[in-house]
Amino acid sequence: MEIQNLLKNNFLLFDGAMGTMLQKRGLKGGQLPEGFNIHSPEIIYDIHRKYIEAGADIITANTFGANRFKLKDSPYSTDEIISEAIKIARKAAGDKLVALDIGSTGKMMKPFGTLGFDEAYDVFKEQVIAGKEAGADIILIETISDLYEARAAILAAKENSDLPIFCTMTFQENKRTLMATDSITMVQVLEGLGVDVLGVNCSLGPRQLRPLIDEILKIATIPVMIQPNAGLPILRNGETVYDLTPLEFAEEVKSMAQNGALVLGGCCGTDPVFIKTLKEALRTITPKKLDNRKLTCASSFKSTVIFGKEVKVIGEKINPTGKKKLKEALRNNNIDYIISQAIAQKETGSDILDINLGLPEIDEKEMMKRVIMELQSLIDLPLQIDSVNPDVIEAAARIYNGKAIINSVNGKTSSMEKIFPIVKKYGSLVIGLTLDEEGLPKTAKRRVEIASRIVEKAKSYGIPEENILIDCLVLTASAAQESVMETLKAIPMIKAKYNVKTVLGASNISFGLPNRKIINSTYLALALGCGLDAPITDSTSEILMDTIRAFKVIANQDRECKEYIDFYGQEPKRHKSQEQKIEKDLKQIVIDGIKEEAKLKTKELLETKNPMEVVDLYLIPALDFVGEKYEKQEIFLPQLIRSAETVKIAFEVVKEKILLNGDEKISKGRIILATVKGDVHDIGKNIVKILLENYGFDVIDLGRDVESEKIVSTAKAENIKLVGLSALMTTTLQSMEDTIKELKNNGILCSIMVGGAVLNKEYAKTIGADYYGKDARESVSIAKRVFDA
């Protein structure tokens with residue numbers, strides 16, 4: 001099926017909520033919605049038919065939670081649920097399309113959680129194969145808050161079926177997902193992975209989503225899909241409802257369609273009346289085709305670096321060539337040293353980090369995977385995967401949480417045949433080196449010829465020019481002085497011919513010469529003047545960064561000289577090199593999230609300080625500092641979790657010392673956490689648990705899908721002062737309210753805080769909660785208030 005043809009002159013209209021409809025048809029709190037496919041297929045069929053009659057073009061099968069984790073305690077298998085769901089949907093849809101619905105696993109991905117990338121892939125693979133065999137027309141991956149989980153699901157769909165893939169993520173009001181991905185990063189990564197349609201669903205209503213959708217419509221180059229909730233949840237006459245009428249919803253969505261959204265539908269709180277009203281509203285407008293140009297971008301999980309607007313710096317320090325300390329670190333599996341190199345480059349101005357771990361005596365592939373996993377959990381800069389081994393490149397590109405740069409391919413046919421399939425599959429950028437079977441060219445003209453061959457061959461694989469970076473390769477002035485300017489001449493020639501950007505390892509120019517910094521900085525300035533977009537260089541070198549900052553002023557890239565004045569205006573913000581680095585204290589180590597270093601530093605401090613001094617003077621102030629940055633949105637959830645996990649390691653050392661001394665255990669109070677009955681999503685709860693424990697609270701984690709009776713009995717037996725309840729699904733909000741009532745009816749004298757994507761402060765108050773924890777940091781503040789009272 002060619003989705004682009006379907007959307008050529010038409011909107012595609014999805015159905016609305018399934019959970020909302022099932023609640024009206026008897027779905028009880030804690031009951032498995034997908035179970036209706038087996039025991040009450042007539043209800044599912046009737047719901048589908050009502051959406052078809054309302055005008056839906058695509059019916060979403062009742063398979064949102066049909067994965068091995070969510071079905072674990074049910075009598076049903078993934079195959080059974082999906083097979084029956086597709087059969088019912090197909091019968092109801094007639095000549096309309098049927099989408100296999102794939103939701104989140106409900107588990108947090110490593111390194112922040114327990115779910116590994118390969119295991120997540122296998123879970124989604126089971127669903128994809130079952131859906132394809134059952135006859136689905138489309139795969140809809142929806143309500144995903146972690147870009148990494150989306151990656152696993154998309155690869156599972158692409159590698160195990162040929163069905164069109166629609167992928168929508170869920171965002172918060174700060175225009176980021178729970179795991180901190182912004183709109184441009186989502187677009188770049190999902191487009192790169194080859195989805196047919198991308199967009200946003202759930203969490204918020206169309207009014208709250210409008211600013212986010214506007215951003216996406218300005219950058220997406222494939223069709224955009226939106227499925228908002230029917231506004232925000234409120235409690236009316238004891239029932240959870242949403243605050244928009246069908247007409248208000250339709251008008252809001254229609255306005256986004258006028259701006260270019262082509263695939264439309266509804267999420268929580270919507271029903272056939274909403275879809276019918278939207279269908280009627282769309283009849284008065286015509287689809288608008290997006291004509292956005294592709295950008296040349298590299299992305300981490302959180303943010304995106306755009307090439308072409310200003311000079312970007314690719315840090316070169318993580319490369320063992322000529323670096324004795326890095327070689328030792330690789331041989332000794334000293335990941336903390338590599339992390340320190342990454343942090344130093346970020347602090348000194350690198351925008352992207354090149355990662356080369358090519359050392360003959362180590363397992364390069366396993367080391368590369370390990371380093372990628374560590375760095376992408378800690379550093380929010382995009383990474384450049386640098387290896388001569390295609391197997392290493394593929395392994396790293398597969399697990400990288402973002403849009404990586406692959407370094408590199410060259411003009412040799414064998415190189416292009418090995419590297420371009422990897423680039424295409426994972427949607428990466430690729431550096432093309434202007435050398436071929438004849439070796440390094442001496443002239444600019446020959447460099448252009450090789451670059452042309454690389455670009456044209458890449459395009460034959462479906463790789464756009466915008467995903468190509470050309471490196472014109474500089475020869476050393478000491479050995480090929482007559483050729484060094486040919487490299488610079490080639491840069492504008494290539495950029496005039498193709499819409500590619502350029503990179504250059506400019507420091508090669510000075511090899512074998514004394515006072516290399518002068519040669520390097522002079523050549524770098526010349527290269528920038530010729531149009532170089534991104535030098536691969538050492539950002540810890542002051543003279544090189546001075547050259548780049550000065551160039552950005554002269555080239556009108558640093559508007560109003562803001563960056564330059566900020567850096568040099570008063571006292572220059574010089575950074576010491578790694579060799580001159582001042583030793584970090586424990587607080588800074590926690591802020592940076594370097595786990596092993598935290599363990600060693602804590603042991604060192606405990607030789608001269610008592611345990612509570614270490615906690616009060618270093619660990620808690622570090623968490624407070626990170627928490628304040630989180631509240632100001634200067635950092636986001638992954639960095640907060642990383643720091644919390646680092647504190648946890650330090651706390652374990654402190655606790656060991658306390659036990660050794662025979663002192664009392666550290667505890668600021670005991671708290672129950674639970675995801676309410678019927679809800680198997682525990683990501684949010686687990687994040688809260690991590691942070692509370694690291695502030696010294698004892699957490700009794702009752703898990704997910706917890707009966708109210710268990711929560712009540714545990715609170716009573718343990719004399720608990722604070723209970724935290726979590727819910728992600730609208731279908732389980734009633735369970736949350738019932739649990740609160742049970743706690744109060746049983747005379748449990750405790751405070752109750754609630755949290756979850758479908759809640760807000762007003763709703764929390766109406767169901768009887770004492771506090772609304774909008775995020776993990778707020779939950780810590782609530783706990784402090786309760787136990788300090």
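Not measured: the values here are computed from a predicted model.

## Here's the deal with the overall build of the protein
Okay, so step 1: When helices and strands are counted, the protein shows 31 helices and 25 strands.
Okay, so step 2: Relative to its length of 789 residues, the protein is compact, with a C-alpha radius of gyration of 28 Å against a globular reference of 28 Å.
Okay, so step 3: Its C-alpha atoms give the protein principal-axis dimensions of about 85 × 75 × 50 Å.
Okay, so step 4: When the 789 residues of the protein are sorted by exposure, 60% land in the buried category.
Okay, so step 5: Long-range contacts, defined as pairs at least 24 residues apart, comprise 75% of the intrachain contacts of the protein with a sequence gap of at least 6.
Okay, so step 6: In the form shown here, the protein has an accessible surface area of approximately 31,500 Å², with 49% of it arising from carbon and sulfur atoms.
Okay, so step 7: Side chains of the protein carry 104 positive and 110 negative charges; the gap between the two charge centres is 2 Å.

## Focus on the pattern of salt bridges
Okay, so step 1: Under the counting rule described, the total for this entry stands at 48 salt bridges.
Okay, so step 2: Among the salt bridges present, the one from E53 reaches R49, with a minimum N-O distance of 3.9 Å. Of this pair, E53 and R49 both sit in helix α4 (residues 41-54), separated by four residues, roughly a single helical turn.
Okay, so step 3: Classification of E53 as exposed rests on a relative accessible area of 59%.
Okay, so step 4: Three or more residues joined by partner-sharing salt bridges are found here, namely E159, E394, R398 and K425.

## Re unusual backbone geometry
Okay, so step 1: Geometrically, the link from K110 to P111 is a cis peptide bond, its omega value of 10 degrees lying close to zero.
Okay, so step 2: Within the secondary structure, P111 sits in the loop between β3 (97-102) and α6 (117-134).
Okay, so step 3: At the junction of N407 and S408, the peptide bond is cis and its omega measures out at 25 degrees in the coordinates.
Okay, so step 4: Along the chain, S408 turns up in strand β16 (residues 405-410).
Okay, so step 5: Here the phi dihedral of S203 falls at roughly 70 degrees; this positive angle occurs in a residue that is not glycine.
Okay, so step 6: Its location among the elements puts S203 in the loop between β6 (197-201) and α9 (206-219).
Okay, so step 7: Exposure remark for S203: the relative accessible area of 15% places this residue in the buried category.

## What to know about the domain arrangement of the protein
Okay, so step 1: One can read the domain layout of the protein as domain 1 (2-282), domain 2 (297-567), domain 3 (579-661) and domain 4 (670-788).
Okay, so step 2: Taking the mean C-alpha position of each, domain 2 and domain 4 sit 48 Å from one another.

## Looking at the packing of aromatic side chains
Okay, so step 1: Evaluated as defined, the whole model comprises seven aromatic pairs.
Okay, so step 2: Relative to F274, the ring of F249 lies with its centre 5.4 Å away and its plane at 75 degrees, an arrangement referred to as edge-to-face. Of this pair, F249 sits in helix α10 (residues 246-258) while F274 sits in helix α11 (residues 272-282), placing them 25 residues apart in sequence. Per residue, the accessibility class of F249 equals that of F274, and both read buried.
Okay, so step 3: Aromatic pair F697 and F787: ring centres 5.6 Å apart, planes at 45 degrees, arrangement tilted. Taken together, the residues F697 in the loop between α27 (683-694) and β22 (698-701) and F787 in helix α31 (residues 776-788) connect sequence positions 90 residues apart. Of the two residues, F697 and F787, neither departs from the other in class, the shared state being buried.
Okay, so step 4: Of the aromatic side chains, those joined through ring pairs into one cluster are Y564, F567 and Y568.
Okay, so step 5: Taking NZ or CZ as reference, K107 lies 5.1 Å from the ring centre of F69, over its face.

## Some thoughts on the sheet that holds strand β10 (residues 263-264)
Okay, so step 1: Strand order in the open sheet formed by eight strands is β1-β10-β7-β6-β5-β4-β3-β2, with parallel pairing between adjacent strands. In this open sheet, the two strands that pair with only one neighbour each are β1 (12-13) and β2 (58-60).
Okay, so step 2: For β6 and strand β7 (residues 224-227), the ladder comprises four bridges, and the chain directions are parallel. For V200, the partnering residue across the bridge sits in β7 and is I226.

## Some points on empty space enclosed by the protein
Okay, so step 1: Inspection of the entire model under this criterion finds three cavities of 30 Å³ or more.
Okay, so step 2: When its volume is computed, the largest cavity comes out at roughly 120 Å³.
Okay, so step 3: Broken down by secondary-structure element, the contributors of at least two residues to the lining of the largest cavity are α7 (147-160) and α14 (364-378).
Okay, so step 4: A breakdown of the residues in the lining of the largest cavity according to their chemical character gives eight nonpolar, four polar and two charged.

## Here's the deal with the packing of α27 against α31
Okay, so step 1: One way to put it is that α27 packs onto α31 with a least axis distance of 9 Å and a crossing angle of 50 degrees. The angle between α27 and α31 places the two elements in the oblique class. For α27 against α31, the interelement crossing comes out right-handed. Contacts from I687, V688, L691 and L692 of α27 reach α31 at A776, R777, S779, V780 and A783.
Okay, so step 2: Partitioning the contact of α27 with α31 into residue classes produces seven nonpolar, one polar and one charged.

## With respect to helix α21 (residues 542-554)
Okay, so step 1: With 13 residues, α21 extends 18 Å from end C-alpha to end C-alpha; this agrees with the ideal 18 Å at 1.5 Å per step.
Okay, so step 2: Against α20 (516-529), β20 (534-537) and α22 (562-568) lie the buried residues of α21.
Okay, so step 3: The positive-phi residue at the C-terminal boundary of α21 is N556, with phi of around 65 degrees.

## A word on the environment of N292
Okay, so step 1: By the secondary structure assignment, N292 is in the loop between α11 and β11 (297-299).
Okay, so step 2: Taking the C-alpha atoms as reference points, N292 and T221, 71 residues apart in sequence, are found 5.7 Å from one another.
Okay, so step 3: Residues within four places of N292 in sequence aside, it is in contact with L217, K218, I219, A220 and T221.
Okay, so step 4: Here the side chain of N292 touches L217 through a polar contact of 2.9 Å, landing on its backbone oxygen.
Okay, so step 5: A distance of 2.7 Å separates a polar atom in the side chain of N292 from the backbone oxygen of A220.

## Examining the side chain of S751
Okay, so step 1: Assignment of secondary structure puts S751 in strand β24 (residues 751-755).
Okay, so step 2: For S751, a relative accessible area of 18% translates into the label buried.
Okay, so step 3: Dropping the residues within four chain positions of it, S751 is found in contact with K721, L722, V723, D770, Y771 and V786.

## Things to note about helix α25 (residues 611-631)
Okay, so step 1: Spanning 21 residues, α25 covers 28 Å between terminal C-alpha atoms, matching the ideal 30 Å at 1.5 Å per step.
Okay, so step 2: L619 marks the point of greatest bend in α25, at about 25 degrees, and the proline P621 comes within the next four residues.
Okay, so step 3: Among the residues making up α25, those that are buried are P611, V614, V615, Y618, L619, I620, A622, L623, V626, G627 and Y630.
Okay, so step 4: Where α25 is buried, its residues meet α23 (586-592), α24 (595-605), α26 (637-661), α27 and α31.
Okay, so step 5: Where α25 starts, the residue carrying a side-chain oxygen 3.0 Å from the main-chain nitrogen of M612 turns out to be N610.
Okay, so step 6: Residue Q633 follows α25 closely and has a positive phi angle near 60 degrees.

## Points about the confidence of the model for the protein
Okay, so step 1: For the protein, the mean per-residue pLDDT works out to 92, and 97% of the residues sit at or above 70.
Okay, so step 2: For the stretch residues 575-582, pLDDT sits under 50, and the model shows ten contacts to residues farther than four places along the chain or on other chains.

## What about the pairing of β7?
Okay, so step 1: Burial of β7 is two-sided: the residues V224 and I226 facing one way and the residues M225 and Q227 facing the other way are all buried.
Okay, so step 2: For the segment spanning β6, α9 and β7, crossover handedness is right-handed.

Reading the values: the criteria
Residues numbered from 1 in each chain as written. Predicted model: local features only at pLDDT ≥ 70, side-chain atom pairs only at ≥ 80, totals over all residues. Heavy atoms only, no water. Helix = DSSP H or I, 4+ residues; strand = E, 2+ residues; numbered from the N terminus. Rg over C-alpha atoms; globule rule 2.2 N^0.38 Å. Buried < 20%, exposed > 50% of the residue type's maximum accessible area, 1.4 Å probe, protein only. Contact = heavy atoms within 4.5 Å. Areas by Shrake-Rupley, 256 points an atom, 1.4 Å probe, with all protein chains shown as cover. Lys, Arg positive; Asp, Glu negative; His and termini not counted. Charge placed at Lys NZ, Arg CZ, Asp CG, Glu CD. Salt bridge = Lys/Arg side-chain N within 4 Å of Asp/Glu carboxyl O. Domains from an automatic or database assignment. Phe/Tyr/Trp six-rings, centres within 6.5 Å; stacked < 30°, edge-to-face > 60°. Lys NZ or Arg CZ within 6 Å of the ring centre and 35° of its normal. Pairing = 2+ DSSP bridges. 1 Å grid on protein atoms, 1.4 Å probe; cavity = no way out; pocket = protein on both sides within 12 Å on 5 of 7 lines; lining within 4 Å. Points joined across faces, edges and corners; volume = space filled by probe spheres on them. Nonpolar A, V, L, I, M, F, W, Y, C, P; charged D, E, K, R; others polar. Axes fitted to C-alpha atoms, helices over the stretch in contact; angles between N-to-C directions. Parallel < 35°, antiparallel > 145°, perpendicular 65-115°, else oblique. Left-handed = near helix turned anticlockwise from the far one by under 90°. Expected span 1.5 Å × (residues − 1). Polar contact = N/O pair within 3.5 Å; in protein donor to acceptor, adjacent residues only side chain to side chain. Bend = angle between axes of the 7 residues up to and from the residue. pLDDT = per-residue confidence, 0-100. Right-handed = clockwise from strand over helix to strand, strands pointing away.

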